[in-house]
Amino acid sequence: MKTRGVLIAGNWKMNFTLRETGEFFAKVKGDAAKALPASASSAFATGRLRACVIPPMLSLGRAMEAAREAAFPIAVAAQNAHWEKKGAFTGELSGPMLQELGISWVLNGHSERRQYFGETDETVRKRTESLLEQGFRVILCIGETREEREKGRTTEVLTRQLSGALPEAGKGAAKFLDGRLVIAYEPVWAIGTGLTATPAQAEEAHATLRKLLTDRFGSEAASHTPLLYGGSVTPENADSLLACPNVDGALVGGASLKPESFLALLAAGARACAQS
Ligand code: PEP
């Protein structure tokens with residue numbers, strides 16, 4: 001039963017110019033009617049099926065304009081935002097800047113930010129706390145490396161990253177767990193590699209995360225928190241991953257860049273919603 005519906009989020013990373021952003025939305029709009037099953041309209045209308053794209057900073061405004069004219073609701077998320085609202089932080093962007101564009105979603109703690117740009121559990125926590133406080137929806141990414149999995153340390157890493165990124169339970173943190181916090185389990189070994197976690201591996205990790213959330217914030221808050229799987233998700237493997245009870249959607253890089261495969265992923269989301 002997909003009690004939290006299904007969210008398909010496309011992380012564009014450092015891809016698409018302004019022109020290509022417009023072309024992507026135009027193609028998605030033009031092909032939606034034939035690519036999506038009939039059940040998708042009611043799933044979108046009730047909010048059970050949600051679509052999101054995560055363009056690079058420069059394309060956020062263009063994506064928002066195009067999303068307003070899309071054939072179905074498409075949320076636009078930023079790939080990152082600073083915890084301070086303004087100041088001397090060259091290269092960053094802030095919550096109020098995003099809010100002025102009408103953007104209410106932010107990706108946080110992606111493994112590429114941790115790996116290449118010095119993001120730590122501490123900076124990820126500061127972003128999570130501040131952005132939730134400012135009213136954003138936050139997609140928080142966590143996941144183990146191949147070495148950590150091979151050493152049997154997956155649960156330990158997920159526990160550390162999750163508790164490191166979230167406010168203490170005693171600080172009223174449960175009030176943030178109202179569905180605005182989305183957690184993306186992204187095993188680093190599966191990102192951009194073509195290696196996908198099996199549905200059993202994804203479900204095991206997601207069940208661990210659900211339990212960690214329950215232990216810390218209570219079952220009601222935990223049950224409102226969507227858990228996405230990310231790591232080489234494609235239209236071919238999406239149905240089996242979305243069939244897992246604790247998988248509430250997918251965070252997709254490469255396969256989200258082609259309008260036809262983004263639509264095919266949304267079609268898989270609509271099927272998963274219809275089956276539950
Ligand atoms: C990602 O960038 O979050 C991701 C999961 O990428 P890919 O789907 O290409 O593995």
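Residues numbered from 1 in each chain as written. Predicted model: local features only at pLDDT ≥ 70, side-chain atom pairs only at ≥ 80, totals over all residues. Heavy atoms only, no water.

S.K.: Describe the overall build of the protein chain, naming the residues involved and giving the relevant values.
M.R.: Along the backbone of the protein chain there are twelve helices and eight strands. The C-alpha atoms of the protein chain give 17 Å as radius of gyration, which agrees with the globular expectation for 276 residues (19 Å, within 12%). Expressed as lengths along the three principal axes of its C-alpha atoms, the size of the protein chain is roughly 45 × 45 × 35 Å. Counting every position in the protein chain, which comprises 276 residues, the buried fraction comes to 52%. Within the protein chain, residue pairs in contact and separated by at least 24 positions form 76% of the contacts whose partners lie at least 6 positions apart. Of the accessible surface of the protein chain, which amounts to about 12000 Å², a share of 55% is contributed by carbon and sulfur atoms. The averaged location of the 30 negative side-chain charges in the protein chain is 3 Å from the averaged location of its 32 positive side-chain charges. (Helix = DSSP H or I, 4+ residues; strand = E, 2+ residues; numbered from the N terminus. Rg over C-alpha atoms; globule rule 2.2 N^0.38 Å. Buried < 20%, exposed > 50% of the residue type's maximum accessible area, 1.4 Å probe, protein only. Contact = heavy atoms within 4.5 Å. Areas by Shrake-Rupley, 256 points an atom, 1.4 Å probe, with all protein chains shown as cover. Lys, Arg positive; Asp, Glu negative; His and termini not counted. Charge placed at Lys NZ, Arg CZ, Asp CG, Glu CD.)

S.K.: How would you explain the site of the ligand if you had to name every residue and give the values?
M.R.: Residues in contact with the ligand amount to 14 residues; listed here are only the nearest, Lys13, Glu186, Gly192, Ser232 and Gly253. One nitrogen or oxygen atom from the side chain of Glu186 is found 2.7 Å from an oxygen atom belonging to the ligand. Take Gly254: an N or O atom from its main chain is 2.9 Å from an oxygen atom of the ligand. In terms of residue class, the shell around the ligand is built from four nonpolar, eight polar and two charged. (Near = heavy atom within 4 Å. Polar contact = N/O pair within 3.5 Å; in protein donor to acceptor, adjacent residues only side chain to side chain. Nonpolar A, V, L, I, M, F, W, Y, C, P; charged D, E, K, R; others polar.)

S.K.: Account for the state of the cysteines, with residues named and values stated.
M.R.: Per the counting criterion, the structure on display carries zero disulfides. Cys141 provides the cysteine sulfur closest to Cys52, a residue in no disulfide bond, and the two sulfurs are 11 Å apart. By relative accessible area, Cys141 is classed as buried at 2%. (Disulfide = S-S within 2.5 Å.)

S.K.: An account of the sheet that holds strand 3 (residues 74-78) is requested, with residue identities and associated values reported.
M.R.: Ordered in space as 1-2-3-4-5-6-7-8, the eight strands form a closed barrel in which the pairing is parallel. Across the sheet, the axes of successive neighbouring strands diverge by a mean angle of 25°, strand direction being ignored. Two elements, strand 5 (residues 137-142) and strand 6 (residues 181-185), share five bridges in a ladder whose sense is parallel. Considered in strand 6, the bridge of Ile139 is made with Val182. Against the sheet, helix 8 (residues 154-165) touches strand 5 and strand 6, its axis set at about 150° to strand 5. (Pairing = 2+ DSSP bridges. Axes fitted to C-alpha atoms, helices over the stretch in contact; angles between N-to-C directions.)

S.K.: Which residues make up the side chain of His110, and what are the values?
M.R.: Within the secondary structure layout, His110 lies in the loop between strand 4 (105-108) and helix 5 (111-116). Polar contacts involving the side chain of His110 include one to the side chain of Glu186, which spans 3.4 Å. Setting aside residues no more than four positions away along its own chain, His110 makes contact with Asn11, Lys13, Cys141, Glu186 and Ile191.

S.K.: Provide a residue-level description of the packing of aromatic side chains, including the pertinent values.
M.R.: For the structure on display, the rule yields nine aromatic pairs. A ring pair is formed by Trp12 and Phe24, whose centres lie 4.9 Å apart and whose planes are at 70°; its orientation type is edge-to-face. Of this pair, Trp12 sits in the loop between strand 1 (6-11) and helix 1 (18-35) while Phe24 sits in helix 1; the two residues are twelve residues apart in sequence, bridging distant segments of the chain. The same class applies to Trp12 and to Phe24, which are both buried. Judged by centre distance (4.6 Å) and plane angle (10°), the rings of Phe44 and Phe72 are stacked. With Phe44 in helix 2 (residues 39-45) and Phe72 in the loop between helix 3 (60-68) and strand 3, the pair connects residues that are 28 residues apart, well separated along the chain. Here a set of aromatic residues connected by ring pairs shows up, and it is made of Trp12, Phe16, Phe24, Phe25 and Phe262. (Phe/Tyr/Trp six-rings, centres within 6.5 Å; stacked < 30°, edge-to-face > 60°.)

S.K.: Can you tell me about unusual backbone geometry, naming the residues and giving the values?
M.R.: Located in the positive-phi region is Lys13, a residue other than glycine, with phi close to 50°. Assessed through its relative accessible area of 21%, Lys13 is described here as partly exposed.

S.K.: Can you tell me about the pattern of salt bridges, naming the residues and giving the values?
M.R.: Scanning all chains against the criterion turns up 21 salt bridges. With a shortest N-O distance of 2.9 Å, Glu119 and Arg127 are connected by a salt bridge. Residues participating in the shared-partner salt-bridge network are Glu92, Arg113, Glu119 and Arg127. (Salt bridge = Lys/Arg side-chain N within 4 Å of Asp/Glu carboxyl O.)

S.K.: Account for helix 3, with residues named and values stated.
M.R.: When we look at burial in helix 3, the residues that qualify are Leu60, Ala63, Met64, Ala66 and Ala67. Around the axis of helix 3, the buried residues are gathered within 165° of arc, so they sit on the same side. Buried residues along helix 3 sit against helix 1, strand 3 and helix 4 (95-100). (Arc of directions from axis to C-beta.)

S.K.: Requested: an account of the pairing of strand 7 (residues 227-230), with residues and values cited.
M.R.: Neither face of strand 7 is open: one carries Leu227 and Tyr229, the other Leu228 and Gly230, and all of them are buried. Examined bridge by bridge, strand 7 and strand 8 (residues 249-252) share two bridges and lie parallel to one another. Along strand 8, the bridge assignment pairs Gly230 with Leu251.

S.K.: Lay out the side chain of Gln161 with the relevant residues and their values.
M.R.: On the secondary structure map, Gln161 appears in helix 8. With relative accessibility at 7%, the residue Gln161 sits in the buried group. A polar side-chain atom of Gln161 sits 2.8 Å from the main-chain amide nitrogen of Gly143. Dropping the residues within four chain positions of it, Gln161 is found in contact with Arg114, Asp121, Ile142 and Gly143.

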